[in-house]
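Analysis of the macromolecular model
One-letter residues, chain by chain:
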Amino acid sequence: MTYIVALDQGTTSSRAIVFNESGSIVSVAQKEFRQIFPQPGWVEHDADEIWSSQAGVIAEAMVGAKIQAKDVAGVGITNQRETTVVWDRKTTEPVCNAIVWQDRRTAGHCDRLKADGLEDTFISKTGLVLDAYFSGTKIAWILDNIPDARQRAERGELAFGTVDSWLVYKLTGGGQHITDYSNASRTLLFNIHTGDWDDELLEALNVPRSMLPQVRPSSQVYAEVSHCPQLNGAPLAGMVGDQQAATMGQVCTRPGMAKNTYGTGCFLLMNTGEKAIRSNNKLLTTVAWNQAGKTTYALEGSVFVGGAIVQWLRDGLKLIDSSPDIEALAAGVADSGGVYFVPALTGLGAPDWDPYARGAILGITRGTTQAHIARAALEGIAFQVADLVSAMASDAGAALTELRVDGGAAANDLLLQFQADILQSPVVRPTVLETTALGAAYMAGLATGYWKSIDDIQSNWQVDRTFEPKMPADHAQALRNRWRQAVERAKGWEPKDGG
């Protein structure tokens, strides 16, 4: 019997999961790593720590599954997407900490590009809005602020990659500097219509083409692992950004199907088939994956702080001891007591796109308790997702018939029931919540013949529970109206350019 190993490199932890042919988990290992906050609005990771944590969980998961490299039919990688790593090609030494997708330091650069009239050029070519979220301005910041970085880059000494590229470079000992279509489409440098890096965009951001990885399909045998003892000789065969991977893991393979992942952030993706639909509601047009010679596109809405708000309540406010404790605390009250929690800790993503927004808790009274704040935090996650669903339904010209959900916070029944109530639509949770890793496994398995086709994996998807709306529609709408008032209070809080 053989297995697929999925490497799921997320924003707060690295995981390795061993899957069998039915898409069931055989073994899993996870390790959290440091979140580095050098100053307000900045978020960094140590790229070497990302690698060491990932290598560690590979070993642990394979021991847990009692397997060796010869038992691995393929290795798939999925990753936090826009996080930016720049390293020396020869030594593989990063030139600085990785700049995380949540980091807002380049908001001013994005404002200047908009002032120069470049916003529509970026939207039309990349499907992305001009925002500090994406990799392009992060690369430019590194080149302009790290001593000698630009000169070294122009001499061809430095490589850029999102985290998938970084892991492949390490797994192959520098043998492969590659990325896939889905990750490339998140950089502000990739033309999603031509399927190549775009010289006009590179010039606008002043990024040398020599730094960039080769763009490959999301499902293809790229190379054999050569620099990870537990996996040496196993085929590296899948790479896909985490949210696109979850879309595949949820088997949203037909146009119109949608999923939401409740991870560090929340990410709603709708498959739009081979057509790249431009949003009228500030959603992103992105590559879902390139597989079997075809590029599939998606509409995406991104919430920057989803499950991370629970982590903040745990680590920042010390309100709970562990993340799952949030549900019991929030369930201690029947509702939020009129409290609204806008979790704009790193600005607001779609559909507001305000990098200067900051977190706000509104409606506090003498009667407000920890339980009300906990409940308002969970509801704040659901309200943000509902805003995305409304925007997506408008772009698609049709309401969603159901929302498939996954990610760590999707284990929270209270959150999902409130989500169904606010959406007035069924919310469907699958048996396997690790759909991000599963999607990467599917990409690797399809490339190696472990699974024969998309049809072959359809039957693996099983429903755990469907949450039906119980709240009257007029009450749900009243809550959403009040939420939008709260969002307006949180917007524009941080002065532009630190002024």
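All of the points below concern the structure found in this document.

So, how was this worked out
- Residues numbered from 1 in each chain as written.
- Predicted model: local features only at pLDDT ≥ 70, side-chain atom pairs only at ≥ 80, totals over all residues.
- Heavy atoms only, no water.
- Axes fitted to C-alpha atoms, helices over the stretch in contact; angles between N-to-C directions.
- Helix = DSSP H or I, 4+ residues; strand = E, 2+ residues; numbered from the N terminus.
- Parallel < 35°, antiparallel > 145°, perpendicular 65-115°, else oblique.
- Contact = heavy atoms within 4.5 Å.
- Nonpolar A, V, L, I, M, F, W, Y, C, P; charged D, E, K, R; others polar.
- Salt bridge = Lys/Arg side-chain N within 4 Å of Asp/Glu carboxyl O.
- Buried < 20%, exposed > 50% of the residue type's maximum accessible area, 1.4 Å probe, protein only.
- Phe/Tyr/Trp six-rings, centres within 6.5 Å; stacked < 30°, edge-to-face > 60°.
- Lys NZ or Arg CZ within 6 Å of the ring centre and 35° of its normal.
- Patch = residues over 30% accessible without salt bridge, like charges linked within 9 Å, V, L, I, M, F, W, Y side chains within 5 Å.
- Areas by Shrake-Rupley, 256 points an atom, 1.4 Å probe, with all protein chains shown as cover.
- Pairing = 2+ DSSP bridges.
- Left-handed = near helix turned anticlockwise from the far one by under 90°.

Looking at the packing of helix α12 (residues 370-396) against helix α16 (residues 473-490)
For the pair α12 and α16, the least separation of the axes is 11 Å and the interaxial angle reads 100°. It follows that α12 is roughly perpendicular to α16 by the angle criterion. Contact residues: G380, F383, Q384, A386, D387 and S390 in α12; L479, R480, W483 and R484 in α16. Its residues placed into classes, the contact of α12 with α16 shows four nonpolar, three polar and three charged.

What to know about the pattern of salt bridges
In the structure shown here, the tally under the stated rule is 35 salt bridges. In this structure, the salt-bridge partner of D46 is R34, at a minimum N-O distance of 3.5 Å. Here D46 is found in the loop between β4 (44-45) and α1 (47-65), whereas its partner R34 is found in the loop between β3 (25-32) and β4, with 12 residues between them in sequence. The partly exposed category is assigned to R34, whose relative accessible area is 46%. Here R314 makes a salt bridge to D315, at a shortest N to O gap of 2.7 Å. Judged by its relative accessible area of 39%, D315 is partly exposed. Through salt bridges with shared partners, a single ionic network connects D352, D387, R480, R484, E488 and K491.

Observations regarding the packing of aromatic side chains
For the structure on display, the rule yields 19 aromatic pairs. Each ring, one from Y133 and one from F304, has its centre 5.0 Å from the other, and the planes form 65°; the classification is edge-to-face. Linking Y133 in the loop between α3 (119-126) and α4 (135-145) with F304 in the loop between β18 (294-303) and α10 (308-315), this pair joins segments that are 171 residues apart in sequence. Y133 gets classed as buried once you look at its relative accessible area, which sits at 0%. Judged by relative accessible area, which is 1%, F304 ranks as buried. An aromatic cluster of at least three residues, connected via ring pairs, comprises W101, Y133, F134, F267, F304 and W353. Sitting above the plane of the F267 ring, R81 keeps its charged end 5.3 Å from the centroid.

Description of a nonpolar patch on the surface
A surface patch of nonpolar side chains, about 240 Å² in accessible area, is lined by W312, L317 and L345. On the secondary structure map, W312 appears in helix α10.

What about the sheet that holds strand β21 (residues 403-406)?
Spatially, the seven strands line up as an open sheet ordered β17-β18-β16-β15-β21-β22-β23, and their pairing is mixed. Two strands bound the open sheet, and with one partner strand each, they are β17 (284-291) and β23 (463-467). Pairs of neighbouring strands in the sheet enclose a mean axial angle of 30°, with direction left out of account. Sheet analysis places β21 next to strand β22 (residues 427-430), joined by two bridges and oriented parallel. Across the sheet, the residue bridging to L403 is V427, located in β22.

A short note on the pairing of strand β6 (residues 85-88)
Side chains V85 and W87 of β6 all project onto a buried face; the interleaved residues V86 and D88 project onto the opposite face, where all are buried too. Across four bridges, the pairing between β6 and strand β8 (residues 158-161) is antiparallel. Of the residues in β8, the one forming a bridge with V86 is F160.

Thoughts on the environment of G301
Topologically, G301 is positioned in strand β18. Taking C-alpha positions, G301 is 5.8 Å from F267, a pair spaced 34 residues apart along the chain. Not counting chain neighbours up to four residues away, the residues in contact with G301 comprise C266, F267, L268, L283, A350, L388 and M392.

Some thoughts on the packing of α1 against helix α6 (residues 163-171)
Close contact between α1 and α6 brings their axes to 11 Å; oriented N to C, the two are set at 65°. Both α1 and α6 take part in a crossing whose hand is right-handed. Of the residues in α6, those in contact with A47, D48, I50, W51 and Q54 of α1 are V163, W166, L167, K170 and L171. Its residues assigned to classes, the contact of α1 with α6 comprises seven nonpolar, one polar and two charged.

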